[in-house]
Amino acid sequence: AKLFGQAPSEMEGIKKVKRVIAVASGKGGVGKSTVSVNLAVALKGLGKNTGILDADFHGPDIPIMMGIKDRPLGSKGMLLPLEKYGVKVMSTATLAGEGVPIVWRGPLVNKAIKEFLGKVKWDDLDFLIVDLPPGTGDATITVTKSIPLDGVIVVTTPQKVAVSDVRRAIGLFKTEEIPILGIVENMSYLKMPGGSEDDILDIFGSGGGEKLAKAFQIPLLAKIPIDPQIRIGGDSGEPISAKRDETSEVFFTLAQKVIE
Ligand code: ADP
């Protein structure tokens, strides 16, 4: 990770992290957290030491999606991230405690980010995946300004309104000079149960990801179908990428592209 203007002690926790990759979206509900979790678990499956930082202050769902209930333990002034499926996890939800409402204003976001970077013992990770807040609001800007990001992946659905929101997000990362690794189009299509391979339904339309990729000259990294298994994996805390099979292969292909 490259260091910005932060004092070295503020970066103590992540100094041995090789690459910090953010996952962003133009708005909520498009599958940003689902992509973060499955990408991280697939990276681990490919032999990379990986962590997830859940920086989605308004909807910190990563502990649920990873099946984590415990609170992290402290050791010598540092917080030890919890580990599941071999992936280290730290979340704003874990800091606050379940169901505790917090009004995340700028200074508080700043303070939390400092703790995540400075006081969490991430150790020598190959990848730290950062689940950003959705959209281009205050929390997102604070996070992108204070975490030294090596790259960002932008998640969208093919739908017109989602694509329009994601343009703003891409604009933000360009202004911040954060390299955009590419676009992930989620909920791209539904395979009809019992149908043939090309028997699909474009629930949210089609072509949005391709159009964005072309307009901004960035790669379209993956097209992920709507699949009940993906949703069940999230709700049950057993991400589908914990097993490598036909359904999860799309996330392993994505992980391979991130490694390259
Ligand atoms: P975001 O982080 O963008 O708000 P989430 O990852 O929380 O979105 O996803 C929103 C909901 O949609 C979750 O319940 C999740 O399980 C479900 N979901 C996401 N992607 C898919 C998919 N490809 N197929 C089925 N359900 C999905």
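The protein carries the name Iron-sulfur cluster carrier protein in an unreviewed UniProt entry, which gives Dissulfuribacter thermophilus as its organism. Of the protein, the UniProt comment under Function (unreviewed entry) reads exactly: "Binds and transfers iron-sulfur (Fe-S) clusters to target apoproteins. Can hydrolyze ATP." The Subunit (unreviewed entry) field of the UniProt record for the protein holds the comment "Homodimer."

**Focus on helix 4 (residues 106–118)**
Taking 1.5 Å per residue, 13 residues should reach 18 Å; helix 4 reaches 18 Å between its end C-alpha atoms and fits that length. Of all the positions in helix 4, only V109, A112, I113, F116, L117 and G118 are classed as buried.

**Focus: the pairing of strand 6 (residues 87–91)**
With respect to burial, strand 6 is a largely interior element, five of its five residues being buried. Where strand 2 (residues 50–54) and strand 6 come together, four bridges link them in parallel fashion. Note that in strand 6 the partner of I52 across the bridge is V89. Inspection of the sheet shows strand 5 (residues 82–84) paired to strand 6 by three bridges, in the antiparallel sense.

**Things to note about the nonpolar core**
Core analysis: the biggest nonpolar cluster contains 66 residues, and L39, L128, V130 and L254 have the highest contact counts within it. Among the elements that make up this core, the one with the highest residue count is helix 1 (residues 32–45) (seven residues). Residues within four places of L254 in sequence aside, it is in contact with L39, A42, V184, L221 and A222.

**Looking at the site of the ligand**
With respect to spatial proximity, 19 residues lie near the ligand, and among them G31, K32, S33, T34 and R231 are the closest. Listing elements by their share of the shell around the ligand, those giving two or more residues are helix 1, strand 9 (180–191), strand 11 (220–226) and helix 8 (228–236). Along the lines of polarity and charge, the residues of the shell around the ligand split into six nonpolar, nine polar and four charged.

**Re the environment of K48**
Relative to the elements of secondary structure, K48 occurs in the loop between helix 1 and strand 2. On the basis of neighbour count, K48 is assigned to the partly exposed category, with 19 C-beta atoms found within 10 Å. Sequence spacing of K48 and P193 is 145 residues, and the spatial spacing of their C-alpha atoms is 34 Å. Apart from residues lying up to four places away in sequence, K48 is in contact with L43, D126, F127 and I259.

**A short note on the environment of G31**
Tracing the backbone through its elements, the reader meets G31 in the loop between strand 1 (19–25) and helix 1. G31 sits 193 residues away from I224 along the chain, and the two C-alpha atoms are 9.9 Å apart.

**Observations regarding the packing of helix 4 against helix 5 (residues 138–146)**
Where helix 4 contacts helix 5, the axes come no closer than 10 Å and their chain directions differ by 35°. The interaxial crossing formed by helix 4 with helix 5 has right-handed handedness. Contacts between helix 4 and helix 5 involve G106, V109, N110 and I113 from the first element and D138, A139, T142, V143 and S146 from the second. Across the contact of helix 4 with helix 5, the residue classes tally to four nonpolar, four polar and one charged.

How each quantity is defined
- Residues numbered from 1 in each chain as written.
- Predicted model: local features only at pLDDT ≥ 70, side-chain atom pairs only at ≥ 80, totals over all residues.
- UniProt positions renumbered as here; feature names shortened; annotations may be inferred.
- Helix = DSSP H or I, 4+ residues; strand = E, 2+ residues; numbered from the N terminus.
- Expected span 1.5 Å × (residues − 1).
- Buried ≥ 20, exposed ≤ 12 C-beta atoms within 10 Å, placed from the backbone.
- Pairing = 2+ DSSP bridges.
- Core = buried A, V, L, I, M, F, W, Y, C linked by C-beta atoms within 7 Å.
- Contact = placed C-beta atoms within 7 Å.
- Near = placed C-beta within 6 Å.
- Nonpolar A, V, L, I, M, F, W, Y, C, P; charged D, E, K, R; others polar.
- Axes fitted to C-alpha atoms, helices over the stretch in contact; angles between N-to-C directions.
- Left-handed = near helix turned anticlockwise from the far one by under 90°.

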